[in-house]
Amino acid sequence: MVGCNKEEKSNFRFVSRRSAGTMTSEMEESLDHREDFPDFKNLVRRKLTSLWTKETAYRRIPVLQWAPKYNFNSLISDCIAGITVGLTSIPQSIAYATVANLEPQYGLYSNFIGSFVYAMLGSVKEITVAPTAVMALMVQQPVQDLGPAGAVLSSFLSGCIMLLLGCFNFGFVVQFISMPVITGFITAAAFTIISSQLKSLMGISSSGKSSEFVDTWINLYKNIGETRLWDSILGFSSLIVLILLTLIKGRGRGRWKTFTKYLCLLRNAMIVLSGGLIAYVCSTHDMYPFKLTGKVASGLPSLELPPFETVHDGKHYDFVDMIRTLSSSIISIPLISILEIVSIGKAFSRGKLVDATQEMLSLGCCNVAGSFVCSIPTTASFARSAINSSSGVATPFGGVFTGILVLLALGLLTDYFFFIPKTTLAAVIIAAMMFIIEYRAVAEMWRTKRIDIVPFLVTVVACLFLGLEIGIVVGIAVNLCFPLYLASRPRITHRLMNVNDKTVLIVRPDSDLAFSSAEYFREKILKLVTRTIPDVVLIDGEWVKFIDSTVVRNLSSTISDLRQQERHVLLWRWDKHIRSALYRFKKHKFMPLFRNEPNAEEVMANWKPDFVNESFVSNV
């Protein structure tokens, strides 16, 4: 009011009293419009205090929940399920080591420590933590650049990042990654892995530039002439048998149904053992028609610190060089690991809530601990988790039996792994990937909301042609454009009514207003006013519970523009906190405009226009 003469001040007081009307009591309740800031000191104190409560201990160490109720029946169920998973997991782990371009024992090294740790910290009993095809594919490039040290360091760093995210309760981050993006990533990963295994299925020796989708098919085209007949026959035969066994699972009735169920559960072990037996019999007659896995180092891995420096191809890499070489995989590997374990946890939770933060913490511990025994990055395996569930696992302790079986295999059976044909391992991987593609999810998207096909296809194409790491980021970015667009274009309804020979335009946004929608809201109001030419613009804020400073400034400009067009403006049913924000910007401009009557008719009945003075007030 600086610079106003006494007459203007008097007019202002008069207008304020008249315009307030029924808002007087409301204004008296809102004399203090200062914004309350959080009490960080008390917030930190409460957080630190909650760390040492019994409830936190039970939530963060789930073994404390089920261990007191553990009994002999649970032990038997866990033992059967754990051994069943182990028989499937051992050949798959060897196969995934070959996907990562590592020696077979690294797959087994990665398969036991995660089972032990998750048994204590995991919250979903069906989940099994082990190397997966996607993780093996993700570490291909680190292995190519740094050797085995690149994969082990990736395990350590991804575990540390997951622990850090878990400690800061960043479990909500996975909510920003939608089902179409996850489905697209899994589909692209499956196609990439299938493509990378075709050369082994056909006995082709050349590995090509990389195992990426495009390079794989270029390499296959160039070296198709190297196809080995007997490898192809054994590989495709194994693949057909695996597909048939998967399709007949649970078919029939009675004993036949039970027989097909367990036959399907053991299909991978049966195929690998059969292929190894055929190769061994051939070797006794000095015949070697197949490319074999070769010698697998026996014994347990040495317990040592993760490699913070290494020598590869005659070049020395210190820790900084290794970090620089790992590049974006440092972020992409833990992100994809978290996505897999949370999505698989939700699939088997049977309606129960999955604590994403707890899964981050448990998986982080699995990977950090695994890095001390030469493990590659691990996460939840959908196929093995499904086997675990169908085998009747009772608690996460079933993973302990899987880990023990892997340790026994490392100590006693590695000599027999020599004769496993690579083509049968390729068949195991391809069969697993063929059934991991979520065909039904794609059909559901098409049937439910066809626009979701766009982020799905973008993710698939980007992952196939740009690589999994870049592809998942592109998919997330494209998918986030949809909610951002919706946030920037809120639904704004309007209607016209005539009261006392005045045309009233009622405008109502149906959601909160943020900086992205500020200009759109302003343009929408001005366009409606131009089209309908009302005397009064009544802006209904019933559904608006949040605005930011950009919206406040734009709303102020909109009111000024309407005043210049000689339109009256009223703000109806706005939340107390939003009114306070507007008062903090220009109290004397906004205070006379607010109305809180139950309906628009009463607003207009109680409102007494005084355009000259209102124009003065709006410009103060």
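Residues numbered from 1 in each chain as written. Predicted model: local features only at pLDDT ≥ 70, side-chain atom pairs only at ≥ 80, totals over all residues. Heavy atoms only, no water.

Another aspect to go through is unusual backbone geometry. Negative phi characterises most residues that are not glycine, and trans characterises most peptide bonds. Positive phi values are uncommon outside glycine, yet D286 reaches one of about 55 degrees. In this fold, D286 is placed in the loop between α16 (267–284) and β2 (310–312). Residue D286 is classed as exposed on the basis of its relative accessible area, which comes to 67%. Located in the positive-phi region is C374, a residue other than glycine, with phi close to 65 degrees. Along the chain, C374 falls in the loop between α19 (356–370) and β4 (379–380). Exposure remark for C374: the relative accessible area of 14% places this residue in the buried category. (Helix = DSSP H or I, 4+ residues; strand = E, 2+ residues; numbered from the N terminus. Buried < 20%, exposed > 50% of the residue type's maximum accessible area, 1.4 Å probe, protein only.)

The end-to-end C-alpha distance of helix α25 (residues 468–488) is 30 Å, a good match for the 30 Å that 21 residues give at a rise of 1.5 Å each. Of all the residues in α25, the buried ones are L468, G471, I472, G475, I476, N479 and S488. (Expected span 1.5 Å × (residues − 1).)

What follows concerns the side chain of N367. In this fold, N367 is placed in helix α19. N367 sits in the buried class, given a relative accessible area of 1%. Beyond its immediate sequence surroundings of up to four residues, N367 is in contact with S155, F156, S158, G159, M162, I376, P377 and T378. (Contact = heavy atoms within 4.5 Å.)

Moving on to the pattern of salt bridges. If the charged atoms of two oppositely charged side chains come close together, the side chains can form a pair. One pass over the full model with this rule turns up 12 salt bridges. Here R324 and D321 are joined by a salt bridge, their closest N and O atoms 2.9 Å apart. Pair noted here: R324 and D321 are both in helix α17 (residues 319–326), with a separation of three residues, about one helical turn. Here the residues in one salt-bridge network are R491, R508, D510, D540, E542 and R573, joined through shared partners. (Salt bridge = Lys/Arg side-chain N within 4 Å of Asp/Glu carboxyl O.)

For the structure on display, the rule yields 13 aromatic pairs. Relative to F397, the ring of Y70 lies with its centre 5.7 Å away and its plane at 70 degrees, an arrangement referred to as edge-to-face. A residue pair is termed long-range when its members are at least 10 positions apart, and Y70 in the loop between α5 (63–66) and α6 (72–99) and F397 in the loop between α20 (382–390) and α21 (398–413) qualify at 327 residues. A network of ring pairs unites the aromatic residues W66, Y70, F397 and F401 as a single cluster. The residue whose ring lies beneath R573 is W572, and the NZ or CZ to ring-centre distance is 3.9 Å. (Phe/Tyr/Trp six-rings, centres within 6.5 Å; stacked < 30°, edge-to-face > 60°. Lys NZ or Arg CZ within 6 Å of the ring centre and 35° of its normal.)

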